[in-house]
Amino acid sequence: MALDNSTDYDDLQELSDSDFEIADGQPDIFGWDVIDTHKNKVGEVYELMFNPNTRKVRYIVVDMESNDVDLEEGRVLVPIEVADFDLDNDNVKLPGVSITNLLSLPLYEKGRVIDHETDEEIRIALAKAEKDAPIPPGSLNVSQTKFYGKHKNG
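Below: a short report on this structure. Just so you know, these numbers come straight off a predicted model, no measurement behind them.

## Things to note about the overall build of the protein chain
A count of helices and strands for the protein chain gives two helices and seven strands. Taken from N to C terminus, the helices and strands of the protein chain fall in the order β-β-β-β-β-β-β-α-α. In the protein chain, buried positions account for 40% of the 154 residues. Taking as baseline every contact in the protein chain between residues at least 6 positions apart, the subset at least 24 positions apart corresponds to 58%.

As structure tokens, then:
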């Protein structure tokens, strides 16, 4: 997953709190389901963070309150270039992004300043391999279950 390394995170604003709106002909993704790489609903599009100077959306704010995988409530930022838009089903798909990646993302709160450090933290979380990430709440921890035993001869 290649992420845009630009510094276009300066002066980001929430689209709903600005004088801007989604351009004609572009999908209004507010409220769309967000689907991870394993086809789990992990939340909904809550907000778009954009740079008013360049008029480019930089991040999708995903609200994880409404999900199918027992994620704790909270909002996280996902870079827009990671997302695929399923216009037929009103879904935002996150190929290559799993529950474990989402759990590693920093939580977003309204008014939080997005700077180089936050951007880097997001990129590290999205690059993290699933085997290195925490186990989602409510999921089966393989180390807690014994799937093997001694082989009995004869």
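## Focus: the nonpolar core
Where a protein is soluble and globular, its nonpolar side chains tend to be buried together. Core analysis: the largest hydrophobic core is formed by 33 residues, its most contacted members being V45, I60, L77, V92, L94, L102 and L105. Looking at this core, the elements that each hand over two or more residues are β3 (41-51), β4 (56-63), β5 (75-79), α1 (99-104) and α2 (116-127). When residues of this core are assigned to their parent elements, the largest contribution, five residues, is made by β3. Ignoring any residue separated from it by four or fewer positions in sequence, one finds V92 in contact with I29, W32, D33, V34, I35, V45, I60, A83, D84 and F85.

## As for the packing of aromatic side chains
Under the defined criterion, the tally for this structure stands at one aromatic pair. Centroid distance F20 to F50: 5.2 Å. Interplanar angle 70°. Geometry classified as edge-to-face. In this pair, F20 is assigned in the loop between β1 (13-14) and β2 (33-35) and F50 in strand β3, connecting sequence segments 30 residues apart. According to the relative accessible area criterion, F20 is partly exposed, its value standing at 32%.

## Some details on α2
In this model, α2 (12 residues) spans 16 Å end to end at C-alpha, consistent with the 16 Å of a helix rising 1.5 Å per residue. Listing the buried residues of α2 in full gives T118, D119, I122, R123, A125 and L126. Looking straight down α2, one finds its buried side chains confined to an arc of 160°; they lie on one side. Among the exposed residues of α2, those pointing more than 90 degrees away from its buried face are E117, I124 and A127. Elements that come into contact with the buried residues of α2 comprise β4, β5 and α1. Put simply, D115 is the residue that caps the front of α2, since its side-chain oxygen is 3.2 Å from the backbone nitrogen of E117.

## Quick look at unusual backbone geometry
Positive phi outside glycine occurs at K39, with the angle close to 70°. With respect to the helices and strands, K39 occurs in the loop between β2 and β3. Positive phi values are uncommon outside glycine, yet R55 reaches one of about 60°. Its location among the elements puts R55 in the loop between β3 and β4. Since its relative accessible area comes to 64%, R55 is described here as exposed.

Reading the values: rules and limits
- Residue numbers run consecutively from 1 along every chain, following the written order of its sequence.
- A pLDDT threshold of at least 70 governs which residues receive local features in this predicted model, and a stricter bar of 80 or more applies before side-chain atom pairs are shown or counted, although totals over entire chains, interfaces and linings include all residues.
- With hydrogens and water excluded, all non-hydrogen atoms of the structure serve as input to the side-chain values.
- Secondary structure elements are taken from DSSP: a helix is a run of H or I of four residues or more, a strand is a run of E of two residues or more, and numbering for both begins at the N terminus.
- For the exposure calls, accessible area comes from a 1.4 Å probe over protein chains only, and a residue counts as buried if that area is under 20% of its type's maximum, exposed if over 50%, partly exposed in between.
- Throughout, a contact is declared for two residues whenever any of their heavy atoms are within 4.5 Å.
- Nine residue types can take part in a nonpolar core, namely buried Ala, Val, Leu, Ile, Met, Phe, Trp, Tyr and Cys, and a core is a set of them joined through side-chain atoms within 4.5 Å.
- Ring geometry is summarised as follows: Phe, Tyr and Trp rings, the Trp one being its six-membered ring, pair when their centres sit within 6.5 Å, and such pairs are stacked at plane angles under 30 degrees, edge-to-face over 60 and tilted between the two.
- A helix is expected to reach a length of 1.5 Å times the quantity of its residues less one.
- To obtain the arc, one takes the directions from the helix axis to the C-beta atoms.
- The term polar contact refers here to a pair of N or O atoms within 3.5 Å; inside protein, the definition further demands a hydrogen-donor-capable atom paired with an acceptor-capable atom, and it admits residues adjacent in sequence only when both atoms are side-chain atoms.

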